[in-house]
Amino acid sequence: MLGLLPKIPLYWSYRKFGFPHMLPFSVVVSISYRCNSRCKTCDVWRKPNDDMSLSEWDKVFAAIGRGPLYYTFTGGEPFLRKDTADIALSAYKHSRPAVITIPTNGLLTRQIVKQVDRICAGAPKTQIGINLSLDGVGKEHDEIRMVPGNWDKAMKTWQALKALQKQHKNLVLTTHTVISKFNIDRFFEIYKGLQFLEADSFITEVAEERVELDTIGWGITPAAQKYAPVADFLSRKAKERPAKGIAKLTQSFRAQYYQLAKRTLYEHRQIIPCYAGWASCQIAPNGDVWSCCIRAEGVGNLRDHNYDIRPIWKGRKMAALRQSIFNGECACPMANAGYANMVLHAPTVSKVMVDVLTR
């Protein structure tokens, strides 16, 4: 966060005037569409695969260099790749991000723990966040994820990661729930049922219809009226959670995020300016560059540009996509872009600071 402060005015200028050209500080890397879950809220596992190799990703990160503060490595199921740790460590080598986050369904215990161990040891100066996806408790989770025994395997993985955390102080373990029409009515029971895991953090996001996930028209997003009390509850819990320093700041941002997500569902507009395409982006498994995964509109492929994002980032197609976003032609409660947006929105930052200083 401190390293980003002097760059914030530059991102404001970039979005408003088109200069100076800034690379994104938050990068989502989708390393494969392959997945061993069959979730009711996602169809990504059906997509064809054309995954870039480790050597290709290494060229991408070398070209990006220092700048990104936050990398998310996602999928599909990221740990289906046996070289996920190598990909993450390549990003660490070239970019030295403050945070690396990887979500997982927890099905591959041995492979997950082995790779997380390598990442934590190889990136000691970076916070490594592992988010275990849990959309219900017990059989309810298995029914949403459409994999019998998922819950039991996820619990085995969680306990192994908890043991690993004793060796690595930079490992942060989070439970993550996708709130959809399938579990919104039981959310409070789910929240209570997950507390025994004693996660470092509990986060949620709204199930959305995404081009990336092939879920357009699925009707999986919960109604705003049902999500509103959940958002208020989560904001309150975020503020009540004991925390100090950076953790306290993070919790305050989280409390603001849930309120923004609630308003987005009600009002269907950008509540605060979106910086997807300026401060954040996503790279698809085949090297296509997107502003975000909601629209998933490719503006260029890294393989066609010697794995350098700069000519794509400065290109006409990206400029046209940015104009569309600037005009408010899309709106979503997506978490990854949402947090980047909040950091660059002075009124939101002011609310966060007031909260931090008064509680």
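Use the structure listed above.
About the criteria used
Residues numbered from 1 in each chain as written. Predicted model: local features only at pLDDT ≥ 70, side-chain atom pairs only at ≥ 80, totals over all residues. Heavy atoms only, no water. Axes fitted to C-alpha atoms, helices over the stretch in contact; angles between N-to-C directions. Helix = DSSP H or I, 4+ residues; strand = E, 2+ residues; numbered from the N terminus. Parallel < 35°, antiparallel > 145°, perpendicular 65-115°, else oblique. Left-handed = near helix turned anticlockwise from the far one by under 90°. Contact = heavy atoms within 4.5 Å. Nonpolar A, V, L, I, M, F, W, Y, C, P; charged D, E, K, R; others polar. Salt bridge = Lys/Arg side-chain N within 4 Å of Asp/Glu carboxyl O. Buried < 20%, exposed > 50% of the residue type's maximum accessible area, 1.4 Å probe, protein only. Pairing = 2+ DSSP bridges. Arc of directions from axis to C-beta.

Draft legend 1. Molecular detail of the packing of helix α3 (residues 84-95) against helix α4 (residues 109-122). It is the contact of α3 with α4, at a shortest axis distance of 9 Å, that shows an interaxial angle of 15 degrees. By the angle between their axes, α3 is roughly parallel relative to α4. For the pair α3 and α4, the crossing hand works out as right-handed. From α3, T84, A85, D86, A88, L89 and Y92 reach across to α4, where they touch Q115, R118, I119 and G122. Among the residues forming the contact of α3 with α4, the class breakdown is five nonpolar, three polar and two charged.

Draft legend 2. Quick peek at the environment of P347. Tracing the backbone shows P347 in helix α13 (residues 346-358). Along the primary structure P347 and K237 are separated by 110 residues, whereas in three dimensions their C-alpha atoms are 22 Å apart.

Draft legend 3. Examining the pattern of salt bridges more closely. Under the counting rule described, the total for this entry stands at 20 salt bridges. Its salt-bridge partner being R210, residue E205 comes within 3.2 Å of it at the nearest N-O pair. Residue E205 is classed as buried on the basis of its relative accessible area of 17%. For R295, the salt bridge identified is with E297, shortest N-O distance 2.9 Å. Exposure remark for R295: the relative accessible area of 16% places this residue in the buried category. The structure contains a network of salt bridges with shared partners spanning E205, E208, R210 and E212.

Draft legend 4. The arrangement of the packing of α4 against helix α6 (residues 150-165) in detail. Here α4 crosses α6 at 25 degrees, and the two axes come no closer than 9 Å. When the interaxial angle is binned, α4 and α6 end up roughly parallel. Crossing hand, α4 versus α6: right-handed. Residues T109, I112, V113, V116 and D117 of α4 pack against K153, K156, T157, A160, L161 and L164 of α6. Partitioning the contact of α4 with α6 into residue classes produces six nonpolar, two polar and three charged.

Draft legend 5. Up close: the sheet that holds strand β4 (residues 127-133). Sheet architecture is open: eight strands sit in the order β6-β5-β4-β3-β2-β1-β7-β8, paired in mixed fashion. Each edge of the open sheet is held by one strand with a lone partner, namely β6 (201-206) and β8 (289-290). Inspection of the sheet shows strand β1 (residues 26-30) paired to strand β2 (residues 70-74) by five bridges, in the parallel sense. Bridging across to β2, V29 finds its partner in F73.

Draft legend 6. View of the pairing of β1. With respect to burial, β1 is a largely interior element, five of its five residues being buried. As defined by bridge partners, β1 adjoins strand β7 (residues 280-283) across four bridges and the pair is classed as parallel. Across the sheet, the residue bridging to V29 is I283, located in β7.

Draft legend 7. A look at helix α2 (residues 54-64). Inspection of α2 places E56, W57, V60, F61 and I64 among the buried residues, and these make up the whole buried set. Buried residues of α2, viewed axially, fall in a sector of 135 degrees; they line one side. Contacts from the buried residues of α2 go to β1, β2, α3, β7 and α10 (310-313). G65, located one to two residues past α2, shows a positive phi value of around 65 degrees.

Draft legend 8. Spatial organisation of the environment of R66. Along the chain, R66 turns up in the loop between α2 and β2. Remark: the alpha-carbon pair of R66 and H94, spanning 28 residues in sequence, is separated by 6.5 Å. Residues within four places of R66 in sequence aside, it is in contact with H94, S95 and R96.

Draft legend 9. Broad picture of unusual backbone geometry. With omega at -5 degrees, the peptide bond leading from F19 into P20 counts as cis. The residue P20 is located in the loop between α1 (8-17) and β1 in this model. Here the residue pair G75 and G76 is connected by a cis peptide bond, since its omega of 20 degrees sits within 30 degrees of zero. In this fold, G76 is placed in the loop between β2 and α3. The backbone of E198 sits at a positive phi, close to 50 degrees, despite the residue not being glycine. Considering the arrangement of structural elements, one finds E198 in the loop between α7 (187-193) and β6. Overall, the relative accessible area of 60% leaves E198 in the exposed class.

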